[in-house]
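So the chains spell out like this:
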Amino acid sequence: MSQPKLRAAIYARYSSDLQRDASVEDQIRSCTDYAKAQGLEVVSTYSDRAISGASLMRSGMQALLRDARGGTFDVLVSEALDRLSLNQADIAHIYQEFCFNGLPIETLSEGLISEIHIGLKGTMNALQLKDIAMKTHRGLKGRALEGKSAGGKAYGYRMKPQLTSSGEVIRGEREIHPEEADVVRRIFANYARGLSPKKIAEALNKERVPAPSGRHWGASTIHGNRQRGTGILNNELYIGRQVWNRLRYVKDPQSGKRISRLNPESDWTVTNVPQLRIVEQDLWDAVRARQGELKTAGTNVPVWDRRRPKTLFSGLMACGCCGGGFAKISKDSFGCSPARNKGAAVCSNKRTIKQADLEARVLDALANHLMDPDAVQ
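Values in this document were obtained by computation on a predicted structure and should not be read as measured data.

### Quick look at the sheet that holds strand β2 (residues 41–49)
Moving on, step 1. Pairing within the open sheet is mixed, and its five strands lie in the order β2-β1-β3-β4-β5. The open sheet terminates on both sides in strands that have one partner only, identified here as β2 and β5 (111–112).
Moving on, step 2. Pairing of strand β1 (residues 7–14) with β2 involves eight bridges; the strand directions are parallel. Bridging from a neighbouring strand, arginine 13 pairs with aspartate 48 of β2.
Moving on, step 3. The strands that helix α2 (residues 59–70) touches are β1, β2 and β3 (75–78); relative to β2, the one it contacts most, it runs at about 145°.

### Observations concerning helix α4 (residues 88–100)
Moving on, step 1. End to end, α4 covers 18 Å across 13 residues, agreeing with the expected 18 Å (1.5 Å per residue, within 8%).
Moving on, step 2. By the burial criterion, the buried members of α4 are Asp90, Ile91, Ile94, Tyr95, Glu97 and Phe98. Looking down the long axis of α4, one finds its buried residues gathered within 160° of arc, a one-sided arrangement. α4 presents Ala89, Gln96 and Phe100 as exposed residues on the side facing more than 90 degrees away from its buried surface.
Moving on, step 3. Downstream of α4 by a residue or two, glycine 102 has a phi angle that is positive, lying close to 70°.

### Regarding the side chain of lysine 148
Moving on, step 1. Its location among the elements puts lysine 148 in the loop between α5 (115–145) and β6 (157–159).
Moving on, step 2. Judged by relative accessible area, which is 14%, lysine 148 ranks as buried.
Moving on, step 3. Only 3.4 Å separates the side chain of lysine 148 from the side chain of glutamate 173, close enough to count as a polar contact.

### Considerations on a nonpolar patch on the surface
Moving on, step 1. Judged by side-chain polarity, Leu312, Leu363 and Leu366 come together as a nonpolar surface patch covering roughly 270 Å² of accessible area.
Moving on, step 2. In this fold, leucine 312 is placed in the loop between α9 (281–293) and β14 (326–328).

### Focus: the packing of aromatic side chains
Pairs of aromatic rings are described using the distance from one ring centre to the other and the angle between the two planes.
Moving on, step 1. Taken as a whole and judged by the stated rule, the model has six aromatic pairs.
Moving on, step 2. With 5.3 Å between their ring centres and 85° between their planes, tyrosine 155 and tryptophan 217 make a pair best called edge-to-face. Remark: tryptophan 217 occurs in the loop between α7 (197–206) and α8 (219–223) and tyrosine 155 occurs in the loop between α5 and β6; sequence separation between them is 62 residues.
Moving on, step 3. We classify tyrosine 155 as buried; its relative accessible area is 10%.
Moving on, step 4. Among the residues examined, tryptophan 217 registers a relative accessible area of 0% and is labelled buried.
Moving on, step 5. With a centroid separation of 6.1 Å and an interplanar angle of 90°, the aromatic rings of phenylalanine 188 and tyrosine 238 are classed as edge-to-face. In this pair, phenylalanine 188 sits in helix α6 (residues 178–192) while tyrosine 238 sits in the loop between α8 and β10 (241–244), placing the two residues 50 residues apart along the sequence. With respect to burial, phenylalanine 188 and tyrosine 238 carry one shared label: buried.
Moving on, step 6. Three or more aromatic residues joined by ring pairs form one cluster here, namely Tyr157, Phe188, Tyr238 and Trp284.
Moving on, step 7. Its guanidinium or amino end placed over the ring of tyrosine 191, arginine 290 lies 4.3 Å from that ring's centre, counting from NZ or CZ.
Moving on, step 8. One Lys or Arg, lysine 328, reaches over the ring of phenylalanine 334 and ends 6.0 Å from the middle of that ring.

### Comments concerning the packing of α2 against α4
For any two helices packed against each other, the geometry comes down to the angle between their axes and how far apart the axes lie.
Moving on, step 1. With their axes 9 Å apart at the nearest point, α2 and α4 run at an angle of 25° to one another. As the angle between them shows, α2 and α4 are arranged roughly parallel. The two elements α2 and α4 meet at a crossing, and its hand is left-handed. Residues Met61, Leu64, Leu65, Ala68 and Arg69 of α2 form the contact with α4, whose participating residues are Ile94, Glu97, Phe98 and Phe100.
Moving on, step 2. Its residues assigned to classes, the contact of α2 with α4 comprises seven nonpolar, no polar and two charged.

### Here we look at the nonpolar core
One recurring pattern in soluble globular proteins is that nonpolar side chains are buried together.
Moving on, step 1. Grouped together as the largest cluster of nonpolar side chains are 27 residues, with contacts concentrated most on Tyr155, Val184, Ile187, Phe188, Trp217, Ile232 and Tyr238.
Moving on, step 2. Counting residues per element, the ones that place at least two in this core are α6, α7 and α9.
Moving on, step 3. In terms of residue count, α6 provides more of this core than any other element does, six residues in total.
Moving on, step 4. Excluding residues within four positions of it along the chain, valine 184 makes contact with Tyr155, Ile232, Tyr238, Ile278 and Val279.

### Considerations on the pattern of salt bridges
Moving on, step 1. In the structure shown here, the tally under the stated rule is 15 salt bridges.
Moving on, step 2. When the shortest N-O distance is used, the salt bridge between glutamate 173 and lysine 148 registers 3.4 Å. In this pair, glutamate 173 is assigned in the loop between β8 (169–170) and β9 (174–176) and lysine 148 in the loop between α5 and β6, connecting sequence segments 25 residues apart.
Moving on, step 3. For glutamate 173, a relative accessible area of 22% corresponds to the partly exposed category.
Moving on, step 4. Measuring nitrogen to oxygen at the nearest pair gives 3.0 Å for the salt bridge that ties arginine 246 to glutamate 236. With a gap of ten residues between them, arginine 246 in the loop between β10 and β11 (247–251) and glutamate 236 in the loop between α8 and β10 connect regions that are remote in the sequence. Here arginine 246 and glutamate 236 have matching classes, each one buried.
Moving on, step 5. Ionic contacts of the salt-bridge type, sharing partners, join the residues Glu236, Arg241 and Arg246 into one network.

Cut-offs applied
- Residues numbered from 1 in each chain as written.
- Predicted model: local features only at pLDDT ≥ 70, side-chain atom pairs only at ≥ 80, totals over all residues.
- Heavy atoms only, no water.
- Pairing = 2+ DSSP bridges.
- Helix = DSSP H or I, 4+ residues; strand = E, 2+ residues; numbered from the N terminus.
- Contact = heavy atoms within 4.5 Å.
- Axes fitted to C-alpha atoms, helices over the stretch in contact; angles between N-to-C directions.
- Expected span 1.5 Å × (residues − 1).
- Buried < 20%, exposed > 50% of the residue type's maximum accessible area, 1.4 Å probe, protein only.
- Arc of directions from axis to C-beta.
- Polar contact = N/O pair within 3.5 Å; in protein donor to acceptor, adjacent residues only side chain to side chain.
- Patch = residues over 30% accessible without salt bridge, like charges linked within 9 Å, V, L, I, M, F, W, Y side chains within 5 Å.
- Areas by Shrake-Rupley, 256 points an atom, 1.4 Å probe, with all protein chains shown as cover.
- Salt bridge = Lys/Arg side-chain N within 4 Å of Asp/Glu carboxyl O.
- Phe/Tyr/Trp six-rings, centres within 6.5 Å; stacked < 30°, edge-to-face > 60°.
- Lys NZ or Arg CZ within 6 Å of the ring centre and 35° of its normal.
- Parallel < 35°, antiparallel > 145°, perpendicular 65-115°, else oblique.
- Left-handed = near helix turned anticlockwise from the far one by under 90°.
- Nonpolar A, V, L, I, M, F, W, Y, C, P; charged D, E, K, R; others polar.
- Core = buried A, V, L, I, M, F, W, Y, C linked by side-chain atoms within 4.5 Å.

The structure is reproduced here in structure tokens:
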């Protein structure tokens, strides 16, 4: 009797910065040819498109790891070790998972993967990531020093395509967007006059003025965080002063999410761009003066940096009318955040639920319904 073929799984990934969408199909085709040459039967493929290899929080990778424990395949084939991950700790974790499940990893570049590959290639990939980040940061700083955009497009501006004498595109040039600039000045004037960010957002949503996100205005979009320079009221570009590198971003090793942290002021790159001024200095100063007066009652915490304590179901609740988040609106009650922060034009659901009632209902359902034998099955 002939021995059954080993079942192979293929994993492919491309990064939006370095490769193209068709790269996934190219990798899968190459891996399929390799598997057939090795006498393997391809039974499943996994892929992640336009996602960095610096994190394991990828749907394709998570499905691969899950099926590895489920015995879906016998060997993993990939184009190269850096397709699995560019993070040294993550590649070691993947290798340990596959070793635990008795599954070998083969790549077209390195062949059968061993501990030596994990050590050497893992270190090389980590150094490659660091080198890319350093060169990217250096290039962005150069653009910032020239007064060009070194990040996302700020509300109130639009990109201004320009060409060199040789026909090459000059990147990072901006100009004022007249309609959005009028909205910015309106926000500053209304705030200086005493209106709250919530009331300003409600009025803009009622008039269907497009928000920076393309959806709806919210109070936080307007007041942001003064220390971090976020929010419409804190963007110094509106007075012709560009501040770059105020924040840096690091990845939480547990969640894979990027977390922003404030850099020392000595690390900021500040450039004067008077041609981009939208707000006059006296109006900017009036807003700053009012911000300085606002503190959370009974504390020294500024209004733009208030944080409610997390509760048992924080971030897990949604409004049944608009789908927006339900959050703490008083000491012991939850309500629809969009209805309160964005106005009736977004959601009119003003119903509330007591925290104790909510938690009792959910916990009772978990205990008496989720563990029902039919539901478990």
